[in-house]
Amino acid sequence: MAENFESKRAPEPVGAFPHAKRVSDLLFLSGIGPRARGSKEIPGVTLDSSGNVTTYDIETQCRAVFENVRLVLEDAGATWNDIIDVTVFLTNMKKDFAPYNKIYAEYFAGRGKPNPTRTTIEVGALPTPIAIELKVIAYLGRGD
């Protein structure tokens, strides 16, 4: 049986879906972006009067995304160390991959090896004016 999880600390989903769904020992997180809970604010993003991105700081967005992923994991009964797979969506691979990769290494450095599997994909746009989104799977079969 599948169980839905809603975090009271992470930003609200932008559609009709839960933050996470647990099936057996696997926890599947919906796409998580860098938005702040309770507002339309996107850390590290400057918008013009029409709502178009004028500048963004990928490092600020990366840190916000990782924090939001951590919140959803914790609220669903998981930890950062339970992550087994990460899919990364970037809107500008050429510009943003290197800083993203550096920050990713910081967050996973304390885990020991092996780190989660990872796929990085460039997309033309994301649902809100963000430059990064993560899709995460965690394994909750502790002790295995």
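Before any of the text, the structure's been laid out above.
Source: prediction; values computed, not measured. (Residues numbered from 1 in each chain as written. Predicted model: local features only at pLDDT ≥ 70, side-chain atom pairs only at ≥ 80, totals over all residues. Heavy atoms only, no water.)

Description of the overall build of the protein
Moving on, step 1. The number of helices and strands found in the protein is two helices and eight strands.
Moving on, step 2. What you see for the protein is a C-alpha radius of gyration of 15 Å, in line with the 15 Å of a compact globule of 144 residues.
Moving on, step 3. Counting every position in the protein, which comprises 144 residues, the buried fraction comes to 38%.
Moving on, step 4. When contacts within the protein are restricted to residue pairs at least 6 apart in sequence, long-range pairs at least 24 apart make up 68% of them.
Moving on, step 5. For the protein, the exposed surface amounts to about 7,600 Å²; the carbon and sulfur share of it is 54%.
Moving on, step 6. A gap of 1 Å separates the mean positions of the 17 positive and 18 negative side-chain charges of the protein. (Helix = DSSP H or I, 4+ residues; strand = E, 2+ residues; numbered from the N terminus. Rg over C-alpha atoms; globule rule 2.2 N^0.38 Å. Buried < 20%, exposed > 50% of the residue type's maximum accessible area, 1.4 Å probe, protein only. Contact = heavy atoms within 4.5 Å. Areas by Shrake-Rupley, 256 points an atom, 1.4 Å probe, with all protein chains shown as cover. Lys, Arg positive; Asp, Glu negative; His and termini not counted. Charge placed at Lys NZ, Arg CZ, Asp CG, Glu CD.)

Some thoughts on the layout of surface pockets
Moving on, step 1. There is about 230 Å³ of room inside the largest pocket.
Moving on, step 2. For the largest pocket, the lining is made up of 19 residues, of which Gly31, Ile32, Gly33, Arg35 and Glu133 are closest to its centre.
Moving on, step 3. For the lining of the largest pocket, the per-class residue count stands at ten nonpolar, six polar and three charged. (1 Å grid on protein atoms, 1.4 Å probe; cavity = no way out; pocket = protein on both sides within 12 Å on 5 of 7 lines; lining within 4 Å. Points joined across faces, edges and corners; volume = space filled by probe spheres on them. Nonpolar A, V, L, I, M, F, W, Y, C, P; charged D, E, K, R; others polar.)

Considering the pairing of strand S8 (residues 132-139)
Moving on, step 1. Examined bridge by bridge, strand S3 (residues 26-29) and S8 share three bridges and lie antiparallel to one another. Bridging across to S8, Leu26 finds its partner in Tyr139. (Pairing = 2+ DSSP bridges.)

Concerning the side chain of Arg35
Moving on, step 1. Relative to the helices and strands, Arg35 resides in the loop between S3 and strand S4 (45-47).
Moving on, step 2. Side-chain polar atoms of Arg35 contact the backbone oxygen of Glu12, separated by 2.2 Å.
Moving on, step 3. Every residue in contact with Arg35, bar those within four places of it in the chain, is listed here: Pro11, Glu12, Pro13, Val14, Glu41, Ile42, Pro43, Asn68 and Thr128. (Polar contact = N/O pair within 3.5 Å; in protein donor to acceptor, adjacent residues only side chain to side chain.)

Some points on the environment of Glu74
Moving on, step 1. As for its position among the elements, Glu74 is in helix H1 (residues 58-75).
Moving on, step 2. Residues Glu74 and Lys40, 34 residues apart in the sequence, show an inter-C-alpha distance of 23 Å.

A word on the sheet that holds strand S7 (residues 117-122)
Moving on, step 1. The strand order S1-S2-S3-S8-S6-S7 describes an open sheet built from six strands, whose pairing is mixed. Both outer strands of the open sheet, strand S1 (2-5) and S7, are each paired with one neighbouring strand and no more. Pairs of neighbouring strands in the sheet enclose a mean axial angle of 15 degrees, with direction left out of account.
Moving on, step 2. Relative to S7, strand S6 (residues 83-90) is paired through six bridges, and the arrangement is parallel. When the bridges of S7 are listed, Leu90 appears paired with Glu122.
Moving on, step 3. With respect to the sheet, H1 is in contact with S1, strand S2 (20-23), S3, S6 and S8, its orientation differing from that of S8 by roughly 30 degrees. (Axes fitted to C-alpha atoms, helices over the stretch in contact; angles between N-to-C directions.)

Topic: the environment of Val53
Moving on, step 1. Assignment of secondary structure puts Val53 in strand S5 (residues 53-56).
Moving on, step 2. For Val53, a relative accessible area of 38% gives the class partly exposed.
Moving on, step 3. Sequence-wise, Val53 and Glu133 are 80 residues apart; in three dimensions their C-alpha atoms are separated by 16 Å.
Moving on, step 4. If near-sequence neighbours (up to four positions away) are discounted, Val53 is found in contact with Val45, Thr46, Leu47 and Pro129.

Functional significance is not addressed by these values, which are geometric in nature.
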